[in-house]
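Chain and residue survey
Single-letter residue listing:
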Amino acid sequence: MNELIIELTEINPREFFGLQNGNIQLLKKYFPKLKIVARGSKMKVYGDEDMLEEFDTRLNMLLEHFGKYNKLDENVIERILTSDSKEDYETSAGSGETLLHGVGGKLIKAQTANQRKLVESSNKNDMVFAIGPAGTGKTYTGVALAVKALKEKQVRRIILTRPAVEAGENLGFLPGDLKEKLDPYMQPLYDALRDMIPNEKLDSFIEKGIIQIAPMAFMRGRTLDNAFVILDEAQNTTHAQMKMFLTRMGKNAKFIITGDPGQIDLPRRVTSGLKEALLVLKNIQGIGMIYLDDKDVIRHKLVKKVISAYKEIENRNG
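Here, residues in each chain are numbered from 1, in the same order as that chain's written sequence. Where local features are concerned, this predicted model is filtered to residues with pLDDT of at least 70; where side-chain atom pairs are given and counted, the filter is 80 or more; whole-chain, interface and lining totals use all residues. Values reported for side chains reflect all heavy atoms of the structure, with hydrogen atoms and water molecules removed beforehand.

Here we take up a nonpolar patch on the surface. Patch construction takes residues with relative accessible area above 30% that form no salt bridge. Like charges are linked within 9 Å, and nonpolar side chains (Val, Leu, Ile, Met, Phe, Trp, Tyr) are linked within 5 Å. Computed with the Shrake-Rupley method and a 1.4 Å probe, the accessible areas treat only the protein chains shown as cover for residues. Should a side-chain nitrogen of Lys or Arg be within 4 Å of a carboxyl oxygen of Asp or Glu, the pair is scored as a salt bridge. On the surface, Leu302, Val306 and Tyr310 cluster together into a nonpolar patch covering about 310 Å² of accessible area. In this text, helices come from DSSP runs of H or I with a minimum length of four residues, and strands from runs of E with a minimum of two, each type numbered from the N-terminal end. Take tyrosine 310: it is sitting in helix 12 (residues 301-316). Exposure categories follow from relative accessible area, calculated using a 1.4 Å probe and restricted to protein chains: below 20% of the type maximum is buried, above 50% is exposed, and the middle band is partly exposed. Assessed through its relative accessible area of 53%, tyrosine 310 is described here as exposed.

Bringing the packing of aromatic side chains into the picture now. Classification of ring pairs uses Phe, Tyr and Trp, with its six-membered ring standing for Trp, and accepts pairs whose centres are within 6.5 Å; under 30 degrees between planes counts as stacked, over 60 as edge-to-face, and the remaining range as tilted. Scanning the model with the defined rule gives four aromatic pairs in all. Grouped by ring-pair contacts, the aromatic residues Phe16, Phe17 and Phe66 constitute a single cluster.

What follows is about the sheet that holds strand 2 (residues 35-39). Only strands that DSSP links by at least two bridges are regarded as paired with each other. Strand order in the open sheet made by the three strands is 1-3-2, with antiparallel pairing throughout. Strand pairing shows two members of the sheet lacking a second neighbour, strand 1 (2-7) and strand 2, which therefore form its edges. Recorded for the sheet is a direction-independent mean angle of 15° between the axes of neighbouring strands. Its contacts with the sheet place helix 2 (residues 22-30) against strand 2 and strand 3 (42-47), and it is angled at close to 165° to strand 2. Axis lines are fitted to C-alpha atoms, over the contacting stretch for helices. Their N-to-C directions set the angle, which ranges from 0 to 180 degrees. Only heavy atoms enter the contact rule, under which two residues are in contact if any of them lie within 4.5 Å.

A separate point is the sheet that holds strand 9 (residues 227-231). Taken together, six strands build an open sheet; the order of strands is 8-7-9-10-6-11 and the sheet is parallel. Edge positions in the open sheet fall to strand 8 (211-215) and strand 11 (287-291), since each of these has one partner strand only. Taken over all neighbouring pairs, the strand axes of this sheet differ in orientation by 15° on average, direction set aside. Sheet topology note: the strand 6 (residues 127-131)/strand 10 (residues 254-259) ladder contains five bridges and is parallel. Paired with isoleucine 131 across the strands is glycine 259, a residue of strand 10. Against the sheet, helix 11 (residues 273-280) makes contact with strand 6, strand 10 and strand 11, and its axis sits at roughly 125° relative to strand 6, the strand it touches most.

A separate point is helix 4 (residues 74-82). For helix 4, the tally of buried residues reaches seven of nine residues, placing the bulk of the element in the interior. For helix 4, the complete set of buried residues consists of Asn75, Val76, Ile77, Glu78, Arg79, Ile80 and Leu81.

Within a regular beta strand, the side chains point alternately toward one face of the sheet and then the other, so they alternate between its two faces. With five of five residues buried, strand 8 lies mostly within the body of the structure. With five bridges joining them, strand 7 (residues 157-162) and strand 8 adopt parallel strand pairing. Residue isoleucine 159 lies in a different strand from strand 8, and its bridge partner there is glutamine 212.

This part covers the confidence of the model for the chain. Known as pLDDT, the predictor's per-residue confidence is scaled from 0 to 100. Summary statistics for the chain give a mean pLDDT of 84 and a share of 87% for residues scoring 70 or more. Segment residues 91-95 is flagged for pLDDT under 50; beyond a separation of four residues in sequence, or across chains, it makes 20 contacts in the model.

It is worth spelling out the pairing of strand 2 at this point. Of the two faces of strand 2, only the one carrying Ile36 and Ala38 is buried; Lys35, Val37 and Arg39 on the other face are not. Bridging between strand 2 and strand 3 involves five bridges; their strand directions are antiparallel. Bridging across to strand 3, alanine 38 finds its partner in methionine 43.

A word on a positive patch on the surface. Residues Lys35, Arg39, Lys42 and Lys44 make up a contiguous surface patch of positive charge. Following the sequence through the fold, lysine 42 ends up in strand 3. Given a relative accessible area of 38%, lysine 42 falls into the partly exposed group. Counting rule for charge: Lys and Arg are taken as positive, Asp and Glu as negative, and neither His nor the chain ends is counted. Throughout, a charge is located at the NZ atom of Lys, the CZ atom of Arg, the CG atom of Asp or the CD atom of Glu.

To continue, consider unusual backbone geometry. Positive phi, close to 45°, is recorded for asparagine 226, a residue that is not glycine. Checked against the element boundaries, asparagine 226 lands in the loop between strand 8 and strand 9. We classify asparagine 226 as partly exposed; its relative accessible area is 22%. Located in the positive-phi region is asparagine 252, a residue other than glycine, with phi close to 50°. Within the fold, asparagine 252 resides in the loop between helix 10 (239-246) and strand 10.

Written out as structure tokens, the structure is:
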């Protein structure tokens, strides 16, 4: 049996190993054939030569990330240990280009390989479809790109929309004024914006119409020029709604369409406009299509497990 000895000299071993050696337990989970012993500032690892070599590579990635950001969490460790290459690791570990500085100086950036692809695709194409399950950051990344474009004066306004499926696009019977009726459906978009624009400035932008948040029904008849437009929850659009929305595109416009084909809330026998669009538009130059998966999940660690469990059931049931 071969032995690998790692001496942690330039970082705090206790912080790197995690609370009650939690990070070491994760390493043991991903390398079950290795014996890993952590004591003081040393790690001793025993096992086959090939497996030790792979472990050494992954550990150096973790050390590099810790040295840069002075922290590790379970999501970062999992992304680094499961990434296919160093290139994937670099975007997974959050070393992608900073899109903008959010509220309180928060760095907003693409955190995973596929989020990075979404950014690159948006730079190359005027229309991009971002497809993936909940928690993969597709809407958040899209909103960040929109705010960046507005701050850099590439566009004059941001328009965010999503289908209010639960109310059948007919919000008249709900109590309150128009804003109060729409807010429950638009809350995820507000949440993303509040991370990136201070409240007072955001309220001013909304009041002046520089940022507009509206349901799909309000898009009809408009021509969207000089705008960064995001259609969220696009899986809940019908054929007619999707066609109507896509044909609103005006001069100097950017469109991002996000959705999860696995979470369609439309009535039975109604075809999802998103699913149809992905087939109809797949060969058109200037339209990008990026697919995110459970490796891109950046919410609570359980979200990834929930997605995997449902995917297993869906695969079993055909």
